[in-house]
Amino acid sequence: MREQTPYHKGTPELDKSVGLEAQSNPRALRGQAIAQMAGAIYKDQERYRVHSQTRDWFYTVTPHETGWTCSCPDFLKRGVLECKHIFAVQFSLQIRETVKVEREKRETVIEQFNASSCLHCGSPSLKKFGVRHNKDGNIQRFQCLTCAKTFSVNIGFERMKHNPKAITSAMTLYFNGESLRNVAESLALIGAKVSHQTIHNWIAKYSALMSKYVEKLVPSVGDTWRADEIYIKFKGDMRYLFALMDDETRYWIAQDVAGSKEIVDARVLFRKGQTAMGKKPKVLITDGLKAYQEACQREWWTMKKETRTRHIRHITMKGEHNNNKMERLNGEIRDREKVMRGLKNEGTPILKGYQIFHNYLRPHEGLNGRTPAEACGIQVQGDNKLQTLIQNASLSNRKFTLAEGNR
Ligand SMILES: [Zn+2]
Ligand SMILES: [Zn+2]
């Protein structure tokens, strides 16, 4: 037997029956229509903003332990248990759930390479083939018994004086906010004597290498993006780092360093984002900066309303940061900056390194401890994910070179 009011379960959890029941309830039907409109709903902290069907205005739908509330007159004055906005949020959560399942089906796995099979032919029959010494350890070489070729699992670190563990530890410490001096001191404790300059060179080298590789990966980002800009110092010169991020997965989509906050700079950022993701957002959330509004119009405005990107300039409520997801990124780089006293130059690949750490290596509280890349269906395997990324980046560049050479 079905209940008389199947929509109101007294909890804010996703009501799976809502889609089936929609036909019989006009509010549910209107809610469904809102949910299917581009940019009509977006999540703001723990609440949802739902666009009014009649006015250019957003209502606030809030989940509570006892059920949902809405700020619209229908809910407040007429006392209906579930207005069309609440239905709209429920439908949109259902759509999101379906998209998430689809996303997980298309998962990309970035594998770790180890000495269990031949790098050239995949054969598992191997024998040890001498060692190479470096400053903080030995690198084992192997020979394949099937194809007779030799290899080491030192992929990406071939001509380095130090081993992968020392290098990846140094990078991890650095991107987690340690100064180059502190990184050097930590390495000395594990027996690796390295200068600040060498560590800086590692970080720049591997950030550039990985950056080329991750550009080829296609993360499944959502349709609501956020843009923001922060100040960065380069040898005393102020520059803006523009960043574009996916709202749902926190994936850092694109970055651009510019000397001003002009329209043209925001347009460069939007183009980079669209090129990288192969699509444009349905909704763009930004702060009040006018350049975003104009750049969004010029890049993403279309005649047809359905394909037009809806731009939301966030409204600041008393005592809260509506753009708090960006605030977190600001924290990541600003904390760093205090320690570092300015990056060397604005072309530095180290800024890309931040983006890679943010996306692929740093677990996010808001994603239940997953990384943004994992939330986008990209898994990096191995205990040392940074090493896995470097291995794959190195092999990917090599294959390209080989293919070029064979022509
Ligand atoms: Zn409402
Ligand atoms: Zn082989």
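If you're wondering where the values come from, they're calculated on a predicted model, not measured in any experiment.

Draft legend 1. Quick peek at the packing of helix α6 (residues 180–189) against helix α7 (residues 196–214). Following both chains from N to C, one finds α6 and α7 inclined at 100 degrees, their axes separated by 9 Å at the closest point. By the angle between their directions, the pair α6 and α7 is classed as roughly perpendicular. Contacts from L180, R181, V183 and A184 of α6 reach α7 at H196, I199 and H200. Of the residues assigned to the contact of α6 with α7, the class counts are four nonpolar, two polar and one charged.

Draft legend 2. Examining the sheet that holds strand β4 (residues 67–70) more closely. Strand order across the open sheet formed by four strands is β1-β2-β3-β4, with antiparallel pairing between neighbours. Every interior strand has two partners, whereas the edge strands, β1 (41–44) and β4, have only one. Looking at each pair of strands side by side, their axes are set apart by 25 degrees on average, direction ignored. Summarising the sheet, strand β3 (residues 58–64) and β4 pair through four bridges and their orientation is antiparallel. Across the sheet, residue V61 finds its bridge partner in β4, namely C70.

Draft legend 3. Examining the environment of L187 more closely. As for its position among the elements, L187 is in helix α6. With 21 C-beta atoms packed within 10 Å, L187 lands in the buried category. It is 7.2 Å that separates the C-alpha atoms of L187 and A170, two residues lying 17 residues apart in sequence. Sequence-distant contacts of L187, defined by excluding residues within four places in its chain, comprise A166, A170, A192 and V194.

Draft legend 4. Broad picture of the nonpolar core. Formed by 77 residues in total, the largest nonpolar core has its most connected members in V50, A88, A170 and M171. Taken together, domain 1 (20–106) and domain 2 (224–345) each give at least three residues to this core, which thus spans both. For V50, the residues in contact, after removing those within four places along its chain, are I34, A40, I41, F58, Y59, V61, H85, A88 and V89.

Draft legend 5. Structural detail: helix α9 (residues 290–300). Within α9, the full set of buried residues consists of A291, Y292, A295 and C296. Seen along its axis, α9 keeps its buried residues to an arc of 125 degrees; they face one direction.

Draft legend 6. Layout of the pairing of strand β2 (residues 47–51). Counted residue by residue, β2 has four buried out of five residues, so it is predominantly covered. The loop that links β2 with its antiparallel partner β3 comprises six residues.

Draft legend 7. Here's a closer look at unusual backbone geometry. One non-glycine residue, R250, lies in the positive phi region at around 65 degrees. Within the secondary structure, R250 sits in the loop between β10 (237–246) and β11 (252–258). At N368, a residue that is not glycine, the phi angle is positive and equals roughly 55 degrees. Locating N368 in the fold gives a position in the loop between α11 (350–361) and α12 (372–375).

The rules behind each value
Residues numbered from 1 in each chain as written. Chains lettered and ligands numbered in written order. Predicted model: local features only at pLDDT ≥ 70, side-chain atom pairs only at ≥ 80, totals over all residues. Axes fitted to C-alpha atoms, helices over the stretch in contact; angles between N-to-C directions. Helix = DSSP H or I, 4+ residues; strand = E, 2+ residues; numbered from the N terminus. Parallel < 35°, antiparallel > 145°, perpendicular 65-115°, else oblique. Contact = placed C-beta atoms within 7 Å. Nonpolar A, V, L, I, M, F, W, Y, C, P; charged D, E, K, R; others polar. Pairing = 2+ DSSP bridges. Buried ≥ 20, exposed ≤ 12 C-beta atoms within 10 Å, placed from the backbone. Core = buried A, V, L, I, M, F, W, Y, C linked by C-beta atoms within 7 Å. Domains from an automatic or database assignment. Arc of directions from axis to C-beta.

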